[in-house]
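Spelled out, the chains give:
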Amino acid sequence: MKDSTRYNRQIILPEIGEEGQYELSKAKVLVIGAGGLGAAILPYLAAAGVGEIGIMDDDAIEISNLHRQVIYKTSAVGKSKVDQAKLMISELNPEIKVIAFSEKLSGKNALSLFEKYDIIVDATDNISIKYLINDACLLVNKPMVYGSVFRFQGQVSVFNYQNGPTYRCLYPDENKNALNCEDAGVIGVTVGMIGMLQANEVLKIILGIGNVLSGKILVYDILNSEQQKYDFEKNANLEITKEDFERQYNSEGNQIHEVQFDAILNEIENDEILFLDVRNRDESPKINLKNQIQIPLMHLENEIEKLHKNQRIYIFCQSGIRSKIATELLQKHQFKKVKSISGGALAMKNLLKEKISI
Amino acid sequence: MIEVKYFGAVAEKTKCEFEKLSFSEELSLQKLLQDLNEKYEFESLTFSVAVNQKIVSKISDYTLQTSDIVALLPPFAGG
């Protein structure tokens, strides 16, 4: 250990001591997502002396992130989150190793990456990725420290800890439609507190102290300062094999109803295509395409006669979640040519700067 | 009398965080969930169900007892 004075106040805790500090220095933790949760988790793991921290995120910092992603400076808007997070950590604690992965987690990179770490922290804002993290953790036998937030409430749990229950044991039905922070709204302290509880679980696992939240989900409500713990059991029927994993994440066609906006950019002047905005009228950034209408998702079913079943329709919302629900809804009503624009208006605005009035 | 707690997007639908329900005949958990679904139209919302702080199967034929606390816990996605 290079400088135990740095860690003195935690080393003098009988539960930690020099031995515990040594365990921390040997630990390798991968944090997926450098957003609101990550911004709380990363500095505390780094400051405590976790020996190696991997950070994965492919986003750039936006001004609307700063109210909750408090490790980033205003001057860093537009820069890579993982690069800035790495910079912050190396200034906070130069004794530890930090690796930045500026890419998206996928079925292709998850398993080989997870192999290199002891603990995987889910600090993402996307349900599909949470299932991917869970399934990859299961295959390479690593614990997953889960956290997520809905408005003023948050959930924390540890999955696949010593072969304990997994995310699928808690939520067997994959529902990709739960709202994220961009869509639902959030304040900084909620993600901060939930991220802190996740960092706490990571430290407990490394140090072997306390009771890890395995087989339990903690639900915290910051408005009435209430927390509840719920027990859940392992369901061995939900275990997945390498073949299941490949089929689910690495086969063609599982994203067929979703389209990247840059792939259809040359179609925005095409009169045969309708762009359908399913956001509410007060949401910004405004997108003004030539052939575009707005029907908020909640009114879509009632106003469905405004649309033609054979028309090619690209649907968007703020971040790509409500547009998926809308796509499924229209497909249920025999619309054949509908697709949801991945990433929604937030992704579109970057490609459309000159067409936007903010 | 039982208490039902709602979280996250489920509480958005019910417009309350908890309610107390009384029932005269035997009421199974499955029937309670059916009734709540009719009342609040949860539709595509997914959630897990806990009775007295323990997650249980939604199709459980468990008969609810006086003072049981049921909770509907949807997954969250923000981060």
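Residues numbered from 1 in each chain as written. Chains lettered and ligands numbered in written order. Predicted model: local features only at pLDDT ≥ 70, side-chain atom pairs only at ≥ 80, totals over all residues.

Named according to an unreviewed UniProt entry, chain B is Molybdopterin synthase sulfur carrier subunit originating from Flavobacterium nitrogenifigens.

An unreviewed UniProt entry lists chain A under the name Molybdopterin-synthase adenylyltransferase, from Flavobacterium nitrogenifigens. The UniProt entry for chain A carries this comment under Sequence similarities (unreviewed entry): "Belongs to the HesA/MoeB/ThiF family." What the UniProt record of chain A gives under Catalytic activity (unreviewed entry) is the line "[molybdopterin-synthase sulfur-carrier protein]-C-terminal Gly-Gly + ATP + H(+) = [molybdopterin-synthase sulfur-carrier protein]-C-terminal Gly-Gly-AMP + diphosphate". (UniProt positions renumbered as here; feature names shortened; annotations may be inferred.)

> Looking at this structure, I do not really get the environment of Ala40(A). What am I missing?
All names here are of chain A. Positionally, alanine 40 belongs in helix α3 (residues 36-48). The spacing of alanine 40 and alanine 236 is 196 residues in sequence and 33 Å in space, taken between C-alpha atoms. Once residues within four sequence positions are removed from consideration, alanine 40 is found in contact with Val191, Gly192, Gly195, Met196 and Ala199. (Helix = DSSP H or I, 4+ residues; strand = E, 2+ residues; numbered from the N terminus. Contact = placed C-beta atoms within 7 Å.)

> Is there a simple way to explain unusual backbone geometry in this structure?
For residues other than glycine, phi is negative in most cases, and the peptide bonds are mostly trans. Residue and element names in this part refer to chain A. In this chain, serine 284 is followed by proline 285 through a cis amide linkage whose omega measures 5°. Summarising the element assignment, proline 285 is placed in the loop between β10 (273-277) and β11 (292-294). Even without being glycine, serine 225 reaches a positive phi, approximately 50°. If you trace the backbone, serine 225 turns up in the loop between β7 (216-221) and β8 (226-231). The class of serine 225 is exposed, set by 7 C-beta atoms lying within 10 Å. In this structure, glutamine 334 takes a positive phi of about 65° despite not being glycine. (Buried ≥ 20, exposed ≤ 12 C-beta atoms within 10 Å, placed from the backbone.)

> I tried to follow the pairing of β8(A) on my own but got confused; where do I start?
Along any regular strand, the residues point their side chains to alternate faces of the sheet. All names here are of chain A. Relative to β8, β7 runs antiparallel, the two being bridged by six bridges. Considered in β8, the bridge of leucine 218 is made with lysine 229. Counting the residues in the hairpin turn of β7 and β8 gives four residues, including serine 225, whose phi is positive at 50°. (Pairing = 2+ DSSP bridges.)

> Is there a simple way to think about the nonpolar core in this case?
For soluble globular proteins, nonpolar side chains are generally found buried alongside one another. Residue and element names in this part refer to chain A. Counting 115 residues, the largest nonpolar core has Leu42, Ile53 and Val121 as the members making the most contacts within it. Among the elements that line this core, the one with the most residues is helix α9 (residues 188-207), at nine residues. Each residue touching valine 121, except ones within four places of it in the same chain, is listed here: Val29, Leu30, Val31, Ile32, Ile41, Val145, Gln198 and Val202. (Core = buried A, V, L, I, M, F, W, Y, C linked by C-beta atoms within 7 Å.)

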